[in-house]
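Notes for the structure review
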Amino acid sequence: QSKIENLQSNIKQALPHEIRTPLNIIIGSADYIKSQIKIIPKEEVLEMTENILLGAKRLQNLLEKYIFFSQLEMLADSEIEIAKLKRNITAFPDTYVYDIAYSICSKSNRFDDIQLNLINEKVAILDQHFIKICNEIIDNNVKFSDIGTKIIIDTYIYDNYYCIEFTDHGRGLSAEQINNLDTFIQFDRRKYEQQGAGIGLAIVKKLVEIYDGVLQIESKINSFTKIIIKLPLAD
């Protein structure tokens, strides 16, 4: 009951802020262009439209995450649907990890920071869900560590699991933040702009649970974060 109440409180507090921020960018930029269209230079119009597009994509990304998590919550109540999902196989997880890591790091000028040590083995998970897990974690690795610090991803087999370790040397998480992972808490909102990082990790946790996997987080504030995902091997 306490967790449910905490979740409801955090959604009420975080979601309006998360929506207002990109909406303010969109509305403010559009209103400025409308009121000053006759006098502002073309370059400034272009800059403002870029801000509108950025705000719209940010809002879209946030809403898609909340919708996806809601779908997972409903899915988790259906044993039949979960059984169907567990019959899926990701045949080349190492390829997905490689492509996602270099795609995200390249966009953030972190291409030289990535270090991969990958092996391949078939995993009992839907491809799209495996991709979602990797996207959310690697995106956080990049967002919350500085350029020039290493982001290390290792994969290996242990105890019939395909294990993936994601390590960054950023600001880290406290024990309380890790324990409150499933409550959508936007950690240290006053100090950092996370844009849905709490919901992103909650999605990862839920997906891992659906596939009978294991999620482990090791972290030290202002030092490192290591997220270990263990997913069952395919038969």
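I will try to describe carefully the structure that is included in this document. The structure displayed is predicted, hence computed values, not measured ones.

About the thresholds
- Residues numbered from 1 in each chain as written.
- Predicted model: local features only at pLDDT ≥ 70, side-chain atom pairs only at ≥ 80, totals over all residues.
- Heavy atoms only, no water.
- Helix = DSSP H or I, 4+ residues; strand = E, 2+ residues; numbered from the N terminus.
- Buried < 20%, exposed > 50% of the residue type's maximum accessible area, 1.4 Å probe, protein only.
- Contact = heavy atoms within 4.5 Å.
- Salt bridge = Lys/Arg side-chain N within 4 Å of Asp/Glu carboxyl O.

Quick look at the environment of Ile-133
- Looking at the element boundaries, Ile-133 is found in helix H5 (residues 127–143).
- The buried category is assigned to Ile-133, whose relative accessible area is 1%.
- A C-alpha to C-alpha distance of 7.5 Å links Ile-133 and Leu-207, two positions 74 residues apart in sequence.
- Once residues within four sequence positions are removed from consideration, Ile-133 is found in contact with Ile-125, Val-204, Leu-207, Val-208 and Ile-229.

Some remarks on the environment of Asp-99
- Within the element layout of this structure, Asp-99 appears in helix H4 (residues 93–107).
- Given a relative accessible area of 43%, Asp-99 falls into the partly exposed group.
- Each C-alpha atom, one on Asp-99 and one on Ile-131, is 9.9 Å from the other, the two residues being 32 residues apart in sequence.

Some words on the pattern of salt bridges
- Counted under the stated rule, the structure contains 10 salt bridges.
- Here Asp-113 ties to Arg-110 by a salt bridge, and the two come within 2.3 Å at their closest N and O atoms. For the pair formed by Asp-113 and Arg-110, the shared burial category is buried.
- With a closest N to O distance of 3.7 Å, Lys-226 and Glu-165 form a salt bridge. Taken as a pair, Lys-226 in strand E5 (residues 224–232) and Glu-165 in strand E3 (residues 161–168) lie far apart in primary sequence, 61 residues in all.
- On the basis of relative accessible area, Glu-165 is assigned to the buried category, the value being 14%.

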